[in-house]
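Reading the structure
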Amino acid sequence: MGQPGDRAIAPGSLALVQGFVNSVTIETGQDEFADPEDMAAWLFRNGLGELRPDPLDRRDAVTLREALRALLRENNGGDPDPEAHRTVAHVARDCPLVVTGSLGLGPAMTDMRGALATVLASVALAVADGSWRRLKACGEPRCEWIFYDRSRNRGSRWCSMAVCGSRAKMRVYRQARRASR
């Protein structure tokens with residue numbers, strides 16, 4: 001999928017996290033994890049192997065995806081979500097990582113747990129190098145598209161100023177106008 005506002009995708013392994021969370025389009029409901037077969041195609045396209053996830057694997061992936069989305073809302077000024085932090089920690093318990101030959105982190109397993117571990121390793125790497133705070137969920141509640149904030153002051157709020165930024169500003173304008181009547 002293309003990026004709104006002609007934004008570039010996130011750098012390095014954060015692109016995997018961005019794509020994982022953006023596997024559903026909130027506004028339209030289009031979900032690349034709609035069923036295990038669709039999810040298997042997404043995993044293959046994104047270099048996570050030829051896996052055959054079952055409905056429970058799909059449920060775990062969707063649970064992790066939505067917990068990560070909540071954490072990415074925090075990166076954009078949203079309220080902390082302790083439940084999302086617990087959910088990520090809970091899923092991570094079953095997705096072991098090992099130190100790879102290049103002294104990086106990689107999955108200990110080659111199944112669906114390994115695919116989720118790869119996503120979690122990318123999150124851990126981004127937290128460690130400081131790039132995690134730049135990955136954000138769009139501040140427009142109908143959108144919540146995940147984007148990488150390349151602005152100097154990390155002040156971007158929307159995936160696209162032309163669409164989501166305009167919606168938010170129009171909403172504020174309408175509320176102010178109603179309040180003044």
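Up top is the structure these notes are about.
This report concerns the structure included in the present document. (Residues numbered from 1 in each chain as written. Predicted model: local features only at pLDDT ≥ 70, side-chain atom pairs only at ≥ 80, totals over all residues. Heavy atoms only, no water.)

1. Brief notes about a nonpolar patch on the surface
Together, Leu97, Val99, Leu103 and Leu105 give the surface a local cluster of nonpolar side chains, amounting to about 410 Å² of exposed area. Of note, leucine 97 is situated in strand E1 (residues 97-99). Note on leucine 97: relative accessible area 32%, which makes it partly exposed. (Patch = residues over 30% accessible without salt bridge, like charges linked within 9 Å, V, L, I, M, F, W, Y side chains within 5 Å. Areas by Shrake-Rupley, 256 points an atom, 1.4 Å probe, with all protein chains shown as cover. Salt bridge = Lys/Arg side-chain N within 4 Å of Asp/Glu carboxyl O. Helix = DSSP H or I, 4+ residues; strand = E, 2+ residues; numbered from the N terminus. Buried < 20%, exposed > 50% of the residue type's maximum accessible area, 1.4 Å probe, protein only.)

2. Some points on the environment of aspartate 111
Structurally, the position occupied by aspartate 111 is in the loop between strand E2 (105-107) and helix H5 (112-129). The sequence separation of aspartate 111 and arginine 52 amounts to 59 residues, and the corresponding C-alpha distance is 8.5 Å. Reaching out from aspartate 111, the side chain makes a polar contact with the backbone nitrogen of arginine 113 at a distance of 3.0 Å. (Polar contact = N/O pair within 3.5 Å; in protein donor to acceptor, adjacent residues only side chain to side chain.)

3. Observations regarding helix H4 (residues 82-93)
End to end, H4 covers 17 Å across 12 residues, agreeing with the expected 16 Å (1.5 Å per residue, within 8%). By the burial criterion, the buried members of H4 are Ala84, Thr87, Val88 and Val91. Projected down its long axis, H4 shows its buried positions confined to an angular sector of 95 degrees, all on one face. Buried-residue contacts for H4 involve helix H3 (55-74) and H5. (Expected span 1.5 Å × (residues − 1). Arc of directions from axis to C-beta. Contact = heavy atoms within 4.5 Å.)

4. Digging into the packing of aromatic side chains
Each aromatic ring pair is specified by the distance between its two centres and by the angle formed by the two planes. Per the stated rule, a full pass over the model turns up three aromatic pairs. Arranged with centres 5.3 Å apart and planes meeting at 80 degrees, the rings of phenylalanine 33 and tryptophan 42 form a pair that is edge-to-face. Residue phenylalanine 33 is classed as buried on the basis of its relative accessible area, which comes to 0%. When its relative accessible area of 3% is taken as the criterion, tryptophan 42 is described as buried. (Phe/Tyr/Trp six-rings, centres within 6.5 Å; stacked < 30°, edge-to-face > 60°.)

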